[in-house]
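Residue strings, one per chain:
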Amino acid sequence: MMSQVRRTFSLLNQRACSWSWFRSSSSSRLLTDSGSTGLVLQSQSTDVYQNLALEDWIDANVDLQGCGVLLLWRNQPAVVIGRHQNPWTECNLPAMRRAGISLARRRSGGGTVFHDLGNLNLTFFASKKAYDRQRNLKVVTEALRRLCPGLDVQATDRFDIILNGCYKISGTASRLSRKSSYHHCTLLHSADRSALSSVLRPSCPGIQSNATPSVPSPVANLIDHAPSLQWEELLDALVQQYNREFGLRSSSTLIDPSDESMFPGVGQMEAELRSWDWIFGKTPKFSVETQLELTDQQTPAHRSAHLRMEVKSGRIESCQLDVPADWLPVQLSGELSGVLLGERFCPHRAAAAFSALLRSESGESYKRLHHLCDAVLTAMG
């Protein structure tokens, strides 16, 4: 038997827009709202990859001609970069690894954002013809004004939302397909700003790239200026304003984005979003050029090596190490460069590649080669 969700989306695809069937993931009862022309979904997952995969599933499987969907979701701590960005220039990967913070690449453009449970994400799905970011942001700003009349919130020409004329509380990105569109934005309610500032900084020095850079802005949480604003009342106000703006009568429906019976094929979409080839391999080609400090007990004076790499699809395409010949034989520095060719631009993979080379050396050569390997790994973030 076709699942309730398939029946609902079948109605979408027939453009009936009557939402006669939809199953909440928390119960099997059917929700009826025969007069609405839109749907509000709230994800029960806090996994960034599951929620991004759900966005992809709706974009790929739902005919949005004449209909709209609002998806509300939030994640455990994660950094999300835009489709055309370089993670090594956008975020502090070592700090993220230490803190257990996930890295994800979304399919829309735009800049890098930090997510945690104090950040709300809203995704507005519509037909390409009905794509209107200013109208979507109006839903957010009007909801906030109704909740907290004392807040000065404005949408900008860059499609951000600014509080009190200077603090960014919402960033935005979008994706246009042949017939459909989605526009998603963040909304900082009570995010950990110290974590945000510590992870949104470059991992590696000396990167040159044509990847889309983020534009830093001072940020604030809503509760910094409206301490009594509760999470649930914020959600309710946004749903009410969405209905008001688009003339709907939709209530929020809880869903599980990992449920294959409801969203067939979503697991494969999630697996792709989790993969190294997507997160790192989709980085636009870039180069790294930096100086590596070389010091040891035998040569206390400052010495340095010059490192240059070309990285394509996340893999090292060329590597050149210029090391003073009196500090390390040219043959060894050349062998070190050689073992990196074709490897992922990743300190863990590079360390594994270095290990065999290090086993072949001993004494002072081993110490200096080991020091140089460590310097290269540090430069790779």
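Structure: see above.
Residues numbered from 1 in each chain as written. Predicted model: local features only at pLDDT ≥ 70, side-chain atom pairs only at ≥ 80, totals over all residues. Heavy atoms only, no water.

Notes on the overall build of the protein chain
So, step 1. Each helix and strand counted, the protein chain has 13 helices and 16 strands in total.
So, step 2. Pairs at least 24 apart in sequence give 71% of the contacts found in the protein chain among residues at least 6 apart.
So, step 3. Surface exposure of the protein chain reaches about 16,800 Å², of which carbon and sulfur atoms provide 48%. (Helix = DSSP H or I, 4+ residues; strand = E, 2+ residues; numbered from the N terminus. Contact = heavy atoms within 4.5 Å. Areas by Shrake-Rupley, 256 points an atom, 1.4 Å probe, with all protein chains shown as cover.)

Quick look at the sheet that holds strand β14 (residues 286-294)
The strands making up a sheet associate through hydrogen bonds between their backbones, and the pairing can be parallel or antiparallel.
So, step 1. Taken together, the four strands give an open sheet; going across it, the order is β12-β14-β15-β16, and neighbouring strands pair in antiparallel fashion. The open sheet is flanked by β12 (207-209) and β16 (315-322), the only strands paired with a single partner. Direction aside, neighbouring strands of the sheet carry axes that sit 15° apart on average.
So, step 2. Strand direction decides the pairing type here: strand β15 (residues 303-312) and β16, joined by seven bridges, are antiparallel. In the sheet register, Arg308 faces β16, and the bridge partner there is Gln320.
So, step 3. Contacting β14, β15 and β16, helix α13 (residues 363-379) crosses the sheet at an angle of about 140° to β14. (Pairing = 2+ DSSP bridges. Axes fitted to C-alpha atoms, helices over the stretch in contact; angles between N-to-C directions.)

Some remarks on the pairing of strand β11 (residues 180-188)
So, step 1. The element β11 is extensively covered by neighbouring structure, given that nine of its nine residues are classed as buried.
So, step 2. Across the two faces of β11 the burial is the same, with Ser180, Tyr182, His184, Thr186 and Leu188 and Ser181, His183, Cys185 and Leu187 all buried.
So, step 3. With nine bridges joining them, strand β6 (residues 119-127) and β11 adopt antiparallel strand pairing. Counterpart to Leu120 in the pairing with β11 is Leu187.
So, step 4. Taking the residues that link successive antiparallel strands as the turn, the strand β10 (residues 172-176)-β11 hairpin has three residues. (Buried < 20%, exposed > 50% of the residue type's maximum accessible area, 1.4 Å probe, protein only.)

Some points on the environment of Lys128
So, step 1. Relative to the elements of secondary structure, Lys128 occurs in the loop between β6 and α5 (133-147).
So, step 2. In sequence terms Lys128 and Ser180 are 52 residues apart; their C-alpha atoms lie 4.4 Å from each other.
So, step 3. The contact partners of Lys128, leaving out residues within four places of it in the chain, are Leu176, Ser177, Arg178, Lys179, Ser180 and Ser181.

These results come straight from atomic positions and should not be treated as a statement about function.
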